[in-house]
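A closer look at the structure
As a plain string of letters, each chain reads:
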Amino acid sequence: MNTTSRPRPRAILRIHFHPAERNDELYGQLLAVVDGISSRVEPLPADWSAYVDLTGALTYWGRDAEGLIAVLRLRLLALHGVQCSAGAGPTRSIAAMAADATPPGAATVVQDDPYEIAAFLRTKPASALPGIGPRTAKTLARYGITSVGDIADTRLPTLQRILGTAAARQAHDRAHGIDERPVVPGSSPRALSSGHRFDRDELDPDQHRRTVLGLVQDLGRRLRTNGEITQALTLTVAYADRTQTTRTRSLSEPTAHTPALAATTHALLTCLGLQRARVRSISLRAERLRPAEETVHQLTLDDRDERLRRLETALDKAAARYRPGIVGAASTLPPAR
């Protein structure tokens, strides 16, 4: 008699956290709750999400994926008052697509079954497939390939002529539910973030700019208070339809100097083109932090920069004595054009 057992179905979870206010301490606490369910957690701090490998946890807890996700959502809500949206499936790409299609407070689970996988994937637009950006989706549409099912049905050599060898192979595999990438456990990298959620969807570009200015000043003050400098900034904007855009840019030199942070952030904000966007929240994250003593400050004959640094020191002392706010030098963010 053949006693070979069937391999356990994979169960990968993508979870997005939706707190009212964002800070690094809370993100770490939320990850700790997830770690209590499964130790195989891959943090994604830039967009307040994580991948979780539930494969072994299902056996340990004696629950199916729906039941285990329900326990996790209940714990996050009870301990921290934070809603989450979750998507689960046999691969990272399916889990990500399921999570993207799920509103806060709900979960979507795709079972490790060929028919259920095909039913979930085939009707999705091509742009929903991880790795297919808007430009690639437009290219495919010119050939009549508009859905994930179309990608799956297109012969690989044809896709390779359109997208190139590597991109075509990746798209073809994921359209068939094939994605062998594992969840890579790790701790959240050292970073600082500041965020703001609007009371209503905000259309005013000037209000977007003022909000970003406040986030820049808050991050700069906290970096200087902690004796740290940042090497990169990530700006994330969430919209009324629950989609979001994230942009990251490295700084020309690591710094905690508000005008330098503001210049980079202004460039990120400008490239997003939010003139007609209905913005729900904006967050700014300082990445790849280092001790401030490692900074290299370029010398200049202009004393304006030095005067701004002295002003920063005075504002930091005022914030420490009274309360942090968005009070700061009006010149820290370039004017709108």
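That block above? That's the structure.
Structure report, in brief. This structure is a prediction, so every number in the text was calculated from the model and none was measured.

1. What about a negative patch on the surface?
On the surface, a cluster of negative charge is contributed by Asp64, Glu66, Asp112, Asp113 and Glu116. Mapped onto the fold, Glu116 is located in helix H5 (residues 114-122).

2. Looking at the packing of helix H10 (residues 205-226) against helix H11 (residues 258-272)
Viewed as axis vectors pointing N to C, H10 and H11 meet at an angle of 145 degrees, and their least axial separation amounts to 9 Å. The hand of the H10/H11 crossing is right-handed. Every residue of H11 that contacts H10 at Arg209, Val212, Val216, Gln217, Gly220, Leu223 and Arg224 is listed here: Thr258, Leu261, Ala262, Thr265 and Leu269. Of the residues in the contact of H10 with H11, the class split is six nonpolar, four polar and two charged.

3. Some remarks on the nonpolar core
The biggest cluster of nonpolar side chains holds 29 residues, and the ones touching the most others in it are Leu13, Ile15, Phe17, Leu54, Leu72 and Leu76. Counting only elements with at least two residues in this core, the list comes to strand S1 (12-18), helix H1 (24-35), strand S3 (49-53), helix H2 (55-61), helix H3 (65-80) and strand S4 (83-89). Leave out the neighbours within four places in its chain, and Phe17 touches Arg22, Tyr27, Leu30, Leu31, Val34, Trp48, Ser49, Leu76, Val82, Gln83 and Cys84. Ranked by size, the runner-up nonpolar core spans 26 residues in total, among them Val212, Leu215, Ala277 and Leu284.

4. As for the pairing of strand S7 (residues 228-239)
Taking burial as the measure, the twelve residues of S7 include eleven buried ones, the bulk of the element. Here two bridges tie S7 to strand S10 (residues 290-291), and the two strands are oriented antiparallel to one another. Residue pairing in the sheet places Glu228 in a bridge with Pro291 of S10. The loop that links S7 with its antiparallel partner strand S8 (residues 244-255) comprises four residues; one of these, Arg242, has a positive phi angle of about 75 degrees.

5. Describing the packing of aromatic side chains
Any two aromatic rings considered together are summarised by their centre-to-centre distance and by the angle between their planes. Counted according to the given criterion, the structure contains three aromatic pairs. Their ring planes at 80 degrees and their centres at 6.2 Å tell us that Phe17 and Tyr27 sit as a pair that is edge-to-face. Note that Phe17 is positioned in strand S1 and Tyr27 in helix H1, a separation of ten residues in sequence. In textbook terms, an aromatic cluster arises when at least three aromatic residues are bridged by ring pairs, as seen for Phe17, Tyr27 and Trp48. Sitting above the plane of the Tyr51 ring, Arg14 keeps its charged end 4.7 Å from the centroid.

6. So, the pattern of salt bridges
Under the definition given, this model contains ten salt bridges. For Asp153, the salt bridge identified is with Arg122, shortest N-O distance 2.6 Å. Here the residue Asp153 occupies a position in helix H7 (residues 148-153), and Arg122 occupies one in helix H5, the gap between them amounting to 31 residues. Assessed through its relative accessible area of 53%, Asp153 is described here as exposed. Here Arg122 falls in the partly exposed class, since its relative accessible area comes to 37%. Salt-bridge contacts for Arg280 lead to Asp201; the nearest nitrogen and oxygen are separated by 3.2 Å. Placement of the pair is Arg280 in strand S9 (residues 279-287) and Asp201 in strand S6 (residues 192-202), with a sequence separation of 79 residues. You can call Arg280 partly exposed: its relative accessible area is 24%. Residues participating in the shared-partner salt-bridge network are Asp201, Arg278 and Arg280.

What counts, and where the lines are drawn
- All residue numbers refer to positions counted from 1 along the written sequence of the respective chain.
- Local features in this predicted model are restricted to residues whose pLDDT is 70 or higher, and side-chain atom pairs enter the listing and the counts only when it is 80 or higher, whereas totals over whole chains, interfaces and linings include all residues.
- Each side-chain value is worked out from all heavy atoms of the structure, with water and hydrogens disregarded.
- For patch detection, residues must exceed 30% relative accessible area and be free of salt bridges, and they are connected within 9 Å for like charges or within 5 Å for nonpolar side chains (Val, Leu, Ile, Met, Phe, Trp, Tyr).
- Residue-level accessible areas treat just the shown protein chains as cover; the underlying method is Shrake-Rupley with a 1.4 Å probe.
- Throughout this description, the term salt bridge denotes a Lys or Arg side-chain nitrogen within 4 Å of a carboxyl oxygen of Asp or Glu.
- Asp and Glu count as negative and Lys and Arg as positive, but His and the ends of the chain are not part of the count.
- For the purpose of locating charges, the reference atoms are NZ of Lys, CZ of Arg, CG of Asp and CD of Glu.
- The way it works is that DSSP assigns letters per residue, a run of H or I at least four long becomes a helix, a run of E at least two long becomes a strand, and they are numbered from the N terminus.
- Structural elements are reduced to axes, namely lines fitted to C-alpha atoms, with helices fitted over the stretch in contact, and the angle between N-to-C directions of any two is expressed from 0 to 180 degrees.
- A crossing counts as left-handed when the near helix is turned anticlockwise from the far one by less than a right angle, and as right-handed when that turn is clockwise.
- By definition, residues are in contact when any of their heavy atoms lie within 4.5 Å.
- Charged residues are taken to be Asp, Glu, Lys and Arg, nonpolar residues to be Ala, Val, Leu, Ile, Met, Phe, Trp, Tyr, Cys and Pro, and polar residues to be all remaining types, Gly included.
- Nonpolar core, defined: a set of buried Ala, Val, Leu, Ile, Met, Phe, Trp, Tyr and Cys residues in which side-chain atoms within 4.5 Å join the residues together.
- Classification of residues uses two cut-offs on accessible area relative to the type maximum, computed with a 1.4 Å probe and protein chains only: under 20% is buried, over 50% is exposed, and between them is partly exposed.
- Pairing between strands is defined by DSSP: at least two bridges between the two strands are required.
- Each aromatic pair joins two rings of Phe, Tyr and Trp (for Trp, the six-membered one) with centres within 6.5 Å, and gets the label stacked for planes under 30 degrees apart, edge-to-face for over 60, and tilted for any other angle.
- Think of it as a cone above the ring: NZ of Lys or CZ of Arg counts as a charge over the ring if it is within 6 Å of the ring centre and within 35 degrees of the ring normal.

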